Amino acid sequence: MMHRLSAPGGPELRDIHVPPAPPWWPPAPGWWLLAALVLGFLGAGAWLLLGARKRRHRRARILAEVDALATRHAADAQALAAGLHQLLRRVARTHDPAAARLRGEAWREALARVPVDAPTLERLLTLESAMYRPQPYDTRAMMEAVRCWLRAALAAQGRRVRRA
């Protein structure tokens, strides 16, 4: 049998008690750092997604312009050739600012900077003569060549933007 010993004339001692749990606010510095990193990644991701959406919208708008030219100039092959040539020049200026003034072999080199096959490139070079001399040409094949070059040029421009 055990007897409880009390301190003669001393205070009654209590058992050890645990301090209260730490509050949830303010968080520790590590949580602030994690929150800043997550917000930074979310912001960068949103910026990249918006840029990609903007590029896709621009590509779709430019490629739709080919169809708009075809419907606008369905009866006039010369005007269609002029419109397609002007569209090519506008897009080529994104690769080379001097592309609007190039003629002959310099224009061929500007078009060749975009990776397309040789028949497509030759078909595009006939646009310049088709604008000024009324000569029959395959408008469907010409429009497909223009679309092919535009897709390749806009894709190359997107890769160049991402590398920079």
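Structure's up top.
Scope of this entry: the structure provided in the associated data block. (Residues numbered from 1 in each chain as written. Predicted model: local features only at pLDDT ≥ 70, side-chain atom pairs only at ≥ 80, totals over all residues. Heavy atoms only, no water.)

## Let's talk about unusual backbone geometry
Item 1. A cis amide bond links W25 with the next residue in sequence, P26, at an omega value of 0°.
Item 2. Turning to its location among the elements, P26 is positioned in the segment before α1 (29-72). (Helix = DSSP H or I, 4+ residues; strand = E, 2+ residues; numbered from the N terminus.)

## A short note on the packing of helix α2 (residues 77-92) against helix α4 (residues 118-132)
Item 1. Axis separation between α2 and α4 bottoms out at 8 Å; the angle between their running directions is 135°. Accordingly, the angle class assigned to the pair α2 and α4 is oblique. Classified by chirality, the crossing of α4 by α2 is left-handed. Here Q78, A81, A82, L84, H85, L88 and R89 of α2 come into contact with α4, specifically with L124, L127, E128, A130, M131 and Y132. (Axes fitted to C-alpha atoms, helices over the stretch in contact; angles between N-to-C directions. Parallel < 35°, antiparallel > 145°, perpendicular 65-115°, else oblique. Left-handed = near helix turned anticlockwise from the far one by under 90°. Contact = heavy atoms within 4.5 Å.)

## Section: the side chain of D96
Item 1. Relative to the assigned elements, D96 resides in the loop between α2 and α3 (104-112).
Item 2. The residues touching D96, leaving out its near neighbours within four places in the chain, are L102 and R113.

## Focus: the pattern of salt bridges
Item 1. The full count for this structure, using the stated rule, is eight salt bridges.
Item 2. The partner of D96 in a salt bridge is R113, with the nearest N and O atoms 3.3 Å apart. With D96 in the loop between α2 and α3 and R113 in the loop between α3 and α4, this residue pair connects regions lying 17 residues apart in the sequence.
Item 3. Here D96 falls in the buried class, since its relative accessible area comes to 17%. (Salt bridge = Lys/Arg side-chain N within 4 Å of Asp/Glu carboxyl O. Buried < 20%, exposed > 50% of the residue type's maximum accessible area, 1.4 Å probe, protein only.)

## So, a nonpolar patch on the surface
Item 1. Together, W31, L34, V38, L39 and L42 make up an exposed nonpolar region whose accessible area comes to about 550 Å².
Item 2. One can find L34 in helix α1.
Item 3. When its relative accessible area of 42% is taken as the criterion, L34 is described as partly exposed. (Patch = residues over 30% accessible without salt bridge, like charges linked within 9 Å, V, L, I, M, F, W, Y side chains within 5 Å. Areas by Shrake-Rupley, 256 points an atom, 1.4 Å probe, with all protein chains shown as cover.)

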